[in-house]
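Residue-level structural notes
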Amino acid sequence: MALSERKLTIYLMPLLLGVALVLLGCGADQPDQPRGMADSGSGGSDQQSDQSQLSRPIVTAWMYLADDQDYAQIPKSWSSINFRTADVLNVGPAGVQHDGTFGFYESRKTGDLANRFEWVLRNARAQNPDIKIIVSQWWGYGDDIWGQPLSALRSDKHVKKYTKSVGGFLAEYLDKSGGVDGYDIDYEDNNISARTEDITSQIRTEFDALSEDQQGRRFYQTVSPSTTGYLGDAVDHVDYVNMQTYDGGMGLIPRFFLSLGFTSDQLLYGICPETDCPTPSIEEAEAAYKENDLAGIHVYRLNSGNQQEEGEVQNRVYELLHGS
């Protein structure tokens, strides 16, 4: 290297070093990007998913639509229901209809049960825009009232038609009062099925596809069991378990579900202030919720003949878990 070149290098080195330090400093001063926003193609989906995600504690209320069969009429007592004291509202009875699909019963004699459901959907969302609304597949025999239980699905073909219709049901309601957020199985009696894994896994597939189509909106699948039979097969497909720790399920404890593979943050303890329904007290439910670090408490229900007391219990549970 010639002498003139060495002099030029000596003069340029400090300048180049200063420029490098400035550039490094500018990079260090930039704040970290929020998680999920690095890829603009997926950021919107992540944000929507976060907004639709339930957070603990969860207070769930129940509503039954078919105490009488004049479905064109809305019972006057419903106008006093407070939907603000629930994070989730489970609504039934929906069921397997004559064509093998999931939905609400309709006949010339009764009218359309969907009329009452849509009233609940509108009014619950008007009072509580953030409430999650889940439609429940009922147990028992609902001939000429609400439909059929899961025992009506007697073949793989029947199951496939039914589960596809559950996804279709939620898709049809997307533009009605904020839509429906999920599907529940009232898991007792003739809804207890050896096909539980097939039913829940296929519905999960339907919900995943619908979620992708709706920019990541979360759709929930829940079960409300009075027993644990066949539920271990459904662990991977179920979001929350509303333990029926009242009436016929009084002997249920969280450990039974934990042993199947569910986690404590998936379990809700149950109270039933309905008339003549054996139930734990609010204090007992609160103790079980705290001792087992559960997701929350669910209350059956808001609208029986004991509606005033039921509403008071719902309010007290909400205050216990969320504060006044």
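Quick notes on the rules
- Residues numbered from 1 in each chain as written.
- Predicted model: local features only at pLDDT ≥ 70, side-chain atom pairs only at ≥ 80, totals over all residues.
- Heavy atoms only, no water.
- Helix = DSSP H or I, 4+ residues; strand = E, 2+ residues; numbered from the N terminus.
- Buried < 20%, exposed > 50% of the residue type's maximum accessible area, 1.4 Å probe, protein only.
- Contact = heavy atoms within 4.5 Å.
- Areas by Shrake-Rupley, 256 points an atom, 1.4 Å probe, with all protein chains shown as cover.
- pLDDT = per-residue confidence, 0-100.
- Patch = residues over 30% accessible without salt bridge, like charges linked within 9 Å, V, L, I, M, F, W, Y side chains within 5 Å.
- Salt bridge = Lys/Arg side-chain N within 4 Å of Asp/Glu carboxyl O.
- Lys, Arg positive; Asp, Glu negative; His and termini not counted.
- Charge placed at Lys NZ, Arg CZ, Asp CG, Glu CD.
- Phe/Tyr/Trp six-rings, centres within 6.5 Å; stacked < 30°, edge-to-face > 60°.
- Disulfide = S-S within 2.5 Å.
- Pairing = 2+ DSSP bridges.
- Expected span 1.5 Å × (residues − 1).
- Arc of directions from axis to C-beta.

1. Things to note about the overall build of the protein chain
Helix and strand counts for the protein chain come out as eight helices and eleven strands. Buried residues in the protein chain amount to 48% of all 324 residues. Contacts in the protein chain between residues at least 24 apart in sequence constitute 76% of all its contacts with a sequence separation of at least 6. Working note: accessible area of the protein chain is about 16,300 Å², and carbon and sulfur atoms make up 49% of it.

2. Section: the confidence of the model for the protein chain
The predicted model of the protein chain has a mean per-residue pLDDT of 88, with 84% of residues at 70 or higher. Note that pLDDT drops below 50 for residues 1-50; the model gives that stretch 15 contacts with residues more than four away or on any other chain.

3. Description of a negative patch on the surface
On the surface, Glu197, Asp198, Asp233 and Asp236 cluster together to form a negatively charged patch. Tracing the backbone through its elements, the reader meets Asp233 in the loop between strand S8 (220-223) and strand S9 (240-242). For Asp233, a relative accessible area of 38% gives the class partly exposed.

4. A short note on the packing of aromatic side chains
Here the structure, examined in full by the defined rule, presents 15 aromatic pairs. Judged by centre distance (6.5 Å) and plane angle (45°), the ring pair of Phe117 and Phe169 falls under tilted. Here Phe169 lies in helix H4 (residues 156-172) and Phe117 lies in helix H3 (residues 114-127), a separation of 52 residues in the sequence. Taking relative accessible area as the criterion, Phe117 reaches 0% and is therefore assigned buried.

5. Points about the state of the cysteines
On inspection of all chains with the given rule, the structure shows one disulfide. Paired through a disulfide, Cys272 and Cys277 show a sulfur-sulfur distance of 2.2 Å. Here the disulfide of Cys272 and Cys277 is right-handed, its torsion about the S-S bond being about 120°. Since its relative accessible area comes to 1%, Cys272 is described here as buried. Looking at Cys277, the relative accessible area reads 12%, which means it is buried.

6. Observations concerning the side chain of Glu188
Topologically, Glu188 is positioned in the loop between strand S7 (182-185) and helix H5 (196-213). No salt bridge forms around the buried Glu188; measuring N to O, its nearest opposite-charge neighbour Arg301 is 11 Å away. In this structure, Glu188 is in contact with Trp139, Ser226 and Gln244, ignoring residues within four places of it in sequence.

7. With respect to the pairing of strand S6 (residues 132-137)
With six of its six residues buried, S6 lies for the most part within the structure. Burial along S6 is two-sided: the face carrying Lys132, Ile134 and Ser136 and the face carrying Ile133, Val135 and Gln137 are both buried. Where strand S2 (residues 88-96) lies against S6, five bridges are found, and the strand directions are parallel. The partner of Asn90 across the bridge, within S6, is Ile134.

8. Describing H5
Between the first and last C-alpha of H5 there are 26 Å, a value that for 18 residues agrees with the 26 Å anticipated at 1.5 Å per step. Of all the positions in H5, only Thr196, Ile199, Thr200, Ile203, Arg204, Phe207, Leu210 and Ser211 are classed as buried. Projection of H5 onto a plane perpendicular to its axis shows the buried side chains occupying an angular sector of 130°, all on one side. Those residues of H5 that are exposed and angled more than 90 degrees off the buried face are Thr205 and Glu212. Count one or two residues on from H5 and you reach Gln215, which has phi positive near 55°.

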